[in-house]
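Summary of structural features
Here is what each chain is made of, one letter per residue.
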Amino acid sequence: MIKQNSSFVHQSKGDELTVTLLGDIDHHSAVDLRRELDRLLYAERPARLILDLSSVEFMDSSGLGLILGRLNLMQELGGELRLSSPTPRVERILHLAGLERILPITKTTRDGSH
């Protein structure tokens, strides 16, 4: 089942929830994204959340805050968070923030291989 929202699409498969974030994540968009993601996470309560960043071209510190907040929420719910397919620009921001030390980040190429 795939559902669409103006800020993300998501797909559930067993106890795993994949959320593909769409567009830029900045101060203005992060507020709505946070609210909608939290609503989804409380409803679904997945064991694993995968945030797919392949469609995010820009992310500022609000985006980092969004990710870290979902990490805390998933830990509270007894689950885990993973990041997937960051664009090169977003990957650089994640690296500069040191997120690869606390979160698994899977890099997927355009042909779907890891």
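This section reports on the structure supplied with the text.

Thresholds applied
Residues numbered from 1 in each chain as written. Predicted model: local features only at pLDDT ≥ 70, side-chain atom pairs only at ≥ 80, totals over all residues. Heavy atoms only, no water. Axes fitted to C-alpha atoms, helices over the stretch in contact; angles between N-to-C directions. Helix = DSSP H or I, 4+ residues; strand = E, 2+ residues; numbered from the N terminus. Parallel < 35°, antiparallel > 145°, perpendicular 65-115°, else oblique. Left-handed = near helix turned anticlockwise from the far one by under 90°. Contact = heavy atoms within 4.5 Å. Nonpolar A, V, L, I, M, F, W, Y, C, P; charged D, E, K, R; others polar. Buried < 20%, exposed > 50% of the residue type's maximum accessible area, 1.4 Å probe, protein only. Pairing = 2+ DSSP bridges. Right-handed = clockwise from strand over helix to strand, strands pointing away.

Okay, the packing of helix α1 (residues 27-44) against helix α2 (residues 61-76) next. Interhelical geometry of α1 versus α2 gives an angle of 15° and a closest axis separation of 10 Å. As summarised for this structure, α1 and α2 are arranged roughly parallel, according to the angle between their axes. The crossing of α1 and α2 is right-handed. Packed against α1, whose contacting residues are H27, A30, L33, R34, L37, D38, L41 and Y42, the element α2 presents S62, L66, R70, L73, M74 and E76 at the interface. In terms of residue class, the contact of α1 with α2 is made up of eight nonpolar, two polar and four charged.

Phi at R45 is positive, roughly 45°, even though this residue is not glycine. With respect to the element layout, R45 can be found in the loop between α1 and β4 (48-55). Overall, R45 belongs to the exposed group, its relative accessible area being 51%. Backbone geometry at S85 places phi at a positive 55°, although glycine is not the residue there. Its place among the elements puts S85 in the loop between β5 (80-84) and α3 (88-97).

With six bridges connecting them, strand β2 (residues 8-13) and strand β3 (residues 16-22) associate as antiparallel partners. Within β3, the residue paired with H10 across the bridge is V19. Counting the residues between successive antiparallel strands, the hairpin from β2 to β3 contains two residues, one of them, G14, with a positive phi of roughly 65°. Alignment of β3 against β4, held across six bridges, turns out to be parallel. Within β4, the residue paired with L17 across the bridge is L49. For the crossover from β3 across α1 to β4, the handedness is right-handed.

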